[in-house]
Amino acid sequence: MKRRSLLLLTTIIYCNILLGESYSELIERLEKSYLFIGGGSGVIISSDGYALTNAHVVGEARKFVVRLTGGKTVYADLINIDPTADIALIKIKNAKDLPFVQLGNSNKVKVGNVVIAIGNPYLLGVEDFSPTVTKGIISAKHIYISDILETGTPSFAHIDMLQIDAPINPGNSGGPLFNLRGELIGINSSLRSRWAFEGVERNYRFNTGTGYAISIDYIKKLLPKLYSQELITHCFISGIQFERPDSTSLLFFQNGLIVSNRTQVERLPEGFNVEAGDAIIKVNGKIVNNLRTFYHYVIETLTTEKLSITVRKKNTYKTKTYTFNCQPYRRAVSLESNKFYIDMKQAFLGVILEDVDDLIGVKVTKVTPESPAAGKLEEGDIIIELDGKQILSELDFNRIFQFLKPGQKVKIKLIRNNQNIELDITLAKRTAY
Amino acid sequence: MGCIQFTNVRGGFFTHTILVIFIYITLTCSICSADSNQTGKFNTSDYYVRVFLKLKGEQETQFSKKINGLIISNDGYILTTNFIFFVRGKEVEYENILVELDNFKTLNAEYIARDEKNDLVLLKVDSSFNKFVTFKNTDTKIGDTVIVTSLWLNTPTVNKTKGIISAIDRMRGCAYQIDAKVDFASIGGLVTDNDGNAIGIVSFLSEERAQSFGWGMNSGVGFATKAKCIIKSLNELKKGKNISAEPTPFLGVQGDPGISDILGAKIKSVVPNTPAHKAGLKGGDIIVKFGEKTITEWVELIYAVSQTPLNSKIKLEVIRKDKKIQLELFLDKKRDEFVK
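Residues numbered from 1 in each chain as written. Chains lettered and ligands numbered in written order. Predicted model: local features only at pLDDT ≥ 70, side-chain atom pairs only at ≥ 80, totals over all residues. Heavy atoms only, no water.

Enquirer: What's the story with the overall build of chain B in this structure? I'm lost.
Expert: Of regular secondary structure, chain B possesses seven helices and 20 strands. Evaluated residue by residue, chain B yields a buried proportion of 49% over its 340 residues. Long-range contacts, defined as pairs at least 24 residues apart, comprise 61% of the intrachain contacts of chain B with a sequence gap of at least 6. Total accessible area on chain B is roughly 16900 Å²; 51% of this is exposed by carbon and sulfur atoms. (Helix = DSSP H or I, 4+ residues; strand = E, 2+ residues; numbered from the N terminus. Buried < 20%, exposed > 50% of the residue type's maximum accessible area, 1.4 Å probe, protein only. Contact = heavy atoms within 4.5 Å. Areas by Shrake-Rupley, 256 points an atom, 1.4 Å probe, with all protein chains shown as cover.)

Here's what the structure looks like:
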């Protein structure tokens, strides 16, 4: 009797597995949540129309047209963007009961697991709005790619990515990566091509076996801020310099990054009291022994989190961990998110600003004619105070400016030709977007 | 079978019924057979040939590149693609078409006809064959596993790559897009599904396409003319009738497929001596209407042009420096004249 019921139970379970969603049905269902966004892709993550894509697919657009598989055209707004991590959250207008996908867990994904990528390489799907589906495996996890060593300060950092051999090509950006259960485990973002290098035409940037998707676990960390439209700022440590490992010196045999005496200690964040000769061995508990990894682990930390750096002190060789609030990354990439925040605000001043090196204020590089700033502010002025609050960078300026209203009279303190000047300017209403 | 083991099972009628159901389900189980090794069909090199040309006159090389071909009848019909017959968009002048069997025996081939729309060429050799490929029109779905088989150049062995069907209606409905790695050595090779059925021939790959559209060798973007279209074309091709491609008109503008706040297709630059140039389009113009169609982004413009018949006259609504202007477009140039 026991044997019979066991067999029966097994058969019932077996039947359930088979009568469940078949592989083709799974693919069909996943295609429904796919979005064609310009020259790239996106994926719907909630029934009321929120969708994820890459920041570089959105570019500077704030409201735009997107298309579902099959060609249905809908309008979407940008909700929030994080250009450093290359993720953007958009929302489809007037959306109800849209097909969407569940978010998976990239920490549960194993190397060798089968994955499915959906995208629109080379705009091939434009004829009948059917996307391209490719299949492969996870080749590696926790990959970081940025241009930090080339430029000194990164303009982007692809953080905690999954390396896949499912072919992805230009046009797949912003598109979904699924596991076989149909859960979203990554957003396809970039590839490392055998043929892609400076000066070579776009036409040679095709997949040669390695593609990368930003892991869903990292995106989940950003999602609450993306939804709430908070400005997302990543950590950076400016002023720190490291010794270059030299094969002839004893330094070569030591682990960690040796802090050099060229470090500008006064620029380091408060609470981070490293000295020249200390060796940085861990960031947030993760081991670092090269420069790129160090900056990657710093940049993946948000300014709302605390940064922990473990050093081996130079004289005692004892380890010490410094935990502190990091500095927000102020340079290049912030500009795009800055532009976004300016656009969201109602008030209009009429200036284009640029950070200055020594962080004393923000420089006016252009004054829009016939704007509130015209006739009052000049090119070259360095604004140091806005509405009574100190300005050290464009980010500070926008953070304060977003709360100002059209018609409001604001006090601006600035430096012009080494003279301190105070002005009152009445803000106008923003009309152009 | 691998999924279950056959053992002696003691027990009454009930147990045996359950077991029979069990075995039946396993044998038809799609998950189990998802990655079965194919046996038998089209796996040996004698279904395949190499096709190449003996070139005419003073050439750098006497012979063209070799591509694959498939033996598709017992009286010697060979199916291949247009690849060796065109270089940089121009027809190659040749003395002979040569077909080399897997054992390196070389035969002269007769040119029967070409299908430019579906990238097929039909040849015939004066020989009979026991083994040949028969195409099957199947209900292939996106995500299904496919295997690409081609003949190695220097030995009588087959070369296989594996992937899935990425899309089923490319090239105006006559090609599968596959992610199995294909390169110039796989052109004309066979695409089979998981059950070993011949469902397509590797096609639509060339140096020019790689340069204009971007998909290069082994990029994971490849195409195969569908069995359905092969079977239909062969009816015409065997009668010696060429099938020409519906000429796609060429507009002559460069732009950015990225999205923007601008509802329209923004032009970066205009190619000289093209319909766009003659219509008076300029860099910076934003096309908002193409005939009756409202254009909200770049890809809509590309699609609209590809759907318009050659030699059509189209009224364009364009925004130039914040002013709306009307332009007349005469699409009298073929895409093939500029891009192959």
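Enquirer: Would you take a moment to explain the confidence of the model for chain B for this structure?
Expert: A low pLDDT means the predicted coordinates there should not be read in detail. Residues and elements named next belong to chain B. When pLDDT is averaged along chain B, the result is 86; 88% of the residues meet or exceed 70. Counting interchain partners and residues more than four positions distant, the pLDDT-below-50 stretch residues 1-9 has nine contacts. Across residues 30-40, confidence stays below pLDDT 50; counting only partners more than four residues off in sequence or on other chains, it has 17 contacts. (pLDDT = per-residue confidence, 0-100.)

Enquirer: Whenever I open this one, the pairing of strand β11 (residues 184-191) of chain A confuses me. Can you help?
Expert: Look at any regular strand and the pattern is simple: side chains alternate between the two faces of the sheet. Residue and element names in this part refer to chain A. Most of β11 is tucked away, with eight of its eight residues classed as buried. One ladder, built from three bridges, connects strand β10 (residues 176-179) with β11; its direction is antiparallel. Bridging across to β11, leucine 177 finds its partner in glycine 186. Where β10 folds back on β11, the antiparallel hairpin that results is connected by four residues, among which glycine 182 adopts a positive phi of roughly 80°. (Pairing = 2+ DSSP bridges.)

Enquirer: How should I be thinking about the side chain of arginine 50 of chain B in this particular structure?
Expert: Residues and elements named next belong to chain B. By the element assignment, arginine 50 lies in strand β1 (residues 48-55). Within the structure, arginine 50 has its side chain in polar contact with the backbone oxygen of tryptophan 152 (distance 3.0 Å). From its side chain, arginine 50 meets the backbone oxygen of leucine 153 in a polar contact 3.1 Å long. (Polar contact = N/O pair within 3.5 Å; in protein donor to acceptor, adjacent residues only side chain to side chain.)

Enquirer: What is the right way to read the sheet that holds strand β9 (residues 145-151) of chain B from this model?
Expert: The pairing of strands in a sheet comes from backbone hydrogen bonds and takes either a parallel or an antiparallel form. Residues and elements named next belong to chain B. Reading around the barrel, the six strands line up as β9-β10-β11-β14-β13-β12 and close back on themselves, with antiparallel pairing between neighbours. Taken pair by pair, the neighbouring strands of this sheet meet at an average axis angle of 40°, ignoring direction. Where strand β10 (residues 158-169) and strand β11 (residues 175-178) come together, two bridges link them in antiparallel fashion. Following the sheet pairing, isoleucine 165 is matched in β11 by isoleucine 178. On top of the sheet, helix α5 (residues 227-237) reaches β13 (198-203) and β14 (222-226); it is set at about 50° to β14, its chief contact. (Axes fitted to C-alpha atoms, helices over the stretch in contact; angles between N-to-C directions.)

Enquirer: Explanation requested: the interface of chain B and chain A in the structure shown.
Expert: Think of interface size as the accessible area that goes away when the parts come together; that is how it is often given. Taken residue by residue, the interface counts 52 residues in chain B and 50 residues in chain A. Interface area, chain B with chain A, both sides summed: about 4200 Å², of which 60% is carbon and sulfur. Considering only the side of chain B, the residues that lose the most area to chain A are Arg170, Ile259 and Asp261 of chain B, jointly responsible for 16% of the buried surface there. Between the two partners, chain B and chain A, sit three salt bridges. We note a salt bridge from arginine 67 of chain A to glutamate 297 of chain B, for which the minimum N-O separation is 2.3 Å. Remark: the boundary between chain B and chain A carries 12 residue pairs in polar contact (both at pLDDT 80 or more). (Buried area = accessible area lost by both parts, 1.4 Å probe. Salt bridge = Lys/Arg side-chain N within 4 Å of Asp/Glu carboxyl O.)

Enquirer: Explanation requested: the sheet that holds strand β7 (residues 106-115) of chain B in the structure shown.
Expert: All names here are of chain B. Spatially, six strands are ordered β1-β2-β3-β8-β7-β6 in a closed barrel, and the strand pairing comes out antiparallel. If you compare each strand with its neighbour and ignore which way they point, the axes differ by 40° on average. By the bridge criterion, two bridges tie strand β2 (residues 67-71) to strand β3 (residues 77-80) in an arrangement that is antiparallel. From the neighbouring strand, isoleucine 71 faces β3, where its bridge partner is isoleucine 78.

Enquirer: Can you help me understand the pattern of salt bridges in this one?
Expert: Side-chain pairs of opposite charge can arise whenever the charged atoms involved come near each other. Counted according to the given criterion, the structure contains 27 salt bridges over all chains. The salt bridge partner of glutamate 230 of chain A is lysine 225 of chain A, with a shortest N-O separation of 4.0 Å. A relative accessible area of 39% places glutamate 230 of chain A in the partly exposed class. Bridged by salt links that share partners, the residues Arg67 of chain A together with Glu297 and Glu300 of chain B form one connected network.

Enquirer: Any chance you could explain empty space enclosed by the protein here in plain terms?
Expert: It is the rolling of a water-molecule-sized probe over the atoms that shows where space remains empty. All names here are of chain B. Taken as a whole and judged by the stated rule, the model has two cavities of 30 Å³ or more. Approximately 40 Å³ is the volume found for the second largest cavity. Surrounding the second largest cavity, Arg50, Lys66, Ile67, Asn68, Leu151, Leu153 and Ala185 form its lining. Along the lines of polarity and charge, the residues of the lining of the second largest cavity split into four nonpolar, one polar and two charged. (1 Å grid on protein atoms, 1.4 Å probe; cavity = no way out; pocket = protein on both sides within 12 Å on 5 of 7 lines; lining within 4 Å. Points joined across faces, edges and corners; volume = space filled by probe spheres on them. Nonpolar A, V, L, I, M, F, W, Y, C, P; charged D, E, K, R; others polar.)

Enquirer: Where do I start with the nonpolar core in this structure?
Expert: Across soluble globular proteins, nonpolar side chains have a tendency to be buried as a group. Judged by nonpolar contacts, the single largest core of 65 residues is most densely connected at Leu52, Ile237, Ile240, Phe272, Ile280 and Phe294 of chain A. With residues near it in sequence (within four places) discarded, leucine 52 of chain A still touches Gly42, Val43, Ile45, Ile87, Ala88, Leu89, Gly174, Leu184, Ile187, Ile219 and Leu223 of chain A. Core analysis: the second largest hydrophobic core is formed by 44 residues, Phe206 of chain A together with Ile84, Val99 and Ala180 of chain B among them. (Core = buried A, V, L, I, M, F, W, Y, C linked by side-chain atoms within 4.5 Å.)

Enquirer: Would you take a moment to explain helix α2 (residues 23-32) of chain A for this structure?
Expert: Residues that lie three or four places apart on an α-helix share one face, since the helix turns once every 3.6 residues. Residues and elements named next belong to chain A. Every buried residue of α2 is listed here: Ser24, Leu26, Ile27, Leu30 and Glu31. The buried residues of α2 all sit within an arc of 155° when viewed along its axis, so they share a single face. Contacts from the buried residues of α2 go to β1 (34-37), β7 (114-119), β8 (132-146) and β10. (Arc of directions from axis to C-beta.)

Enquirer: Whenever I open this one, the environment of valine 58 of chain A confuses me. Can you help?
Expert: Relative to the helices and strands, valine 58 of chain A resides in helix α3 (residues 55-58). Judged by relative accessible area, valine 58 of chain A falls into the buried class, the value being 1%. Distance from valine 58 of chain A to proline 83 of chain A, taken between C-alpha atoms, is 9.9 Å for residues 25 residues apart in sequence. Ignoring anything within four residues of it in the chain, the contact list for valine 58 of chain A reads Thr53, Phe64, Leu78, Ile81, Ala88 and Ile90 of chain A together with Ile259 of chain B.

Enquirer: Quick question: what am I supposed to make of the state of the cysteines here?
Expert: Linking two cysteines covalently via their sulfur atoms produces the bond known as a disulfide. Residues and elements named next belong to chain B. Taken as a whole and judged by the stated rule, the model has two disulfides over all chains. Paired through a disulfide, cysteine 174 and cysteine 229 show a sulfur-sulfur distance of 1.9 Å. On the S-S bond that ties cysteine 174 to cysteine 229, the torsion sits near -85°, and the link is left-handed. Here cysteine 174, found in the loop between α3 (170-173) and β11, pairs with cysteine 229, found in helix α5; they are 55 residues apart in sequence, far enough to count as distant. Of the residues examined, cysteine 174 reaches a relative accessible area of 13% and is grouped as buried. According to the relative accessible area criterion, cysteine 229 is buried, its value standing at 7%. (Disulfide = S-S within 2.5 Å.)

Enquirer: Teacher, can you tell me more about the confidence of the model for chain A here?
Expert: Residues and elements named next belong to chain A. Within chain A, residue pLDDT values average 84, and 85% of them lie at 70 or more. The least confident element of chain A is helix α7 (residues 334-344), whose mean pLDDT is 49; the most confident is strand β3 (residues 50-53), at 98. With pLDDT under 50 throughout, residues 197-203 is counted as low confidence; its partners more than four residues away or in other chains account for six contacts. Note on residues 247-253: pLDDT is under 50 here. Beyond four places in sequence and across chains, it has four contacts.

Enquirer: What am I meant to see in unusual backbone geometry here?
Expert: The general pattern is negative phi for most residues beyond glycine and trans for most peptide bonds. Backbone geometry at phenylalanine 129 of chain A places phi at a positive 50°, although glycine is not the residue there. Topologically, phenylalanine 129 of chain A is positioned in the loop between β7 and β8. For aspartate 119 of chain B, which is not a glycine, the phi torsion comes out positive at approximately 55°. Assignment of secondary structure puts aspartate 119 of chain B in the loop between β7 and β8 (120-125).

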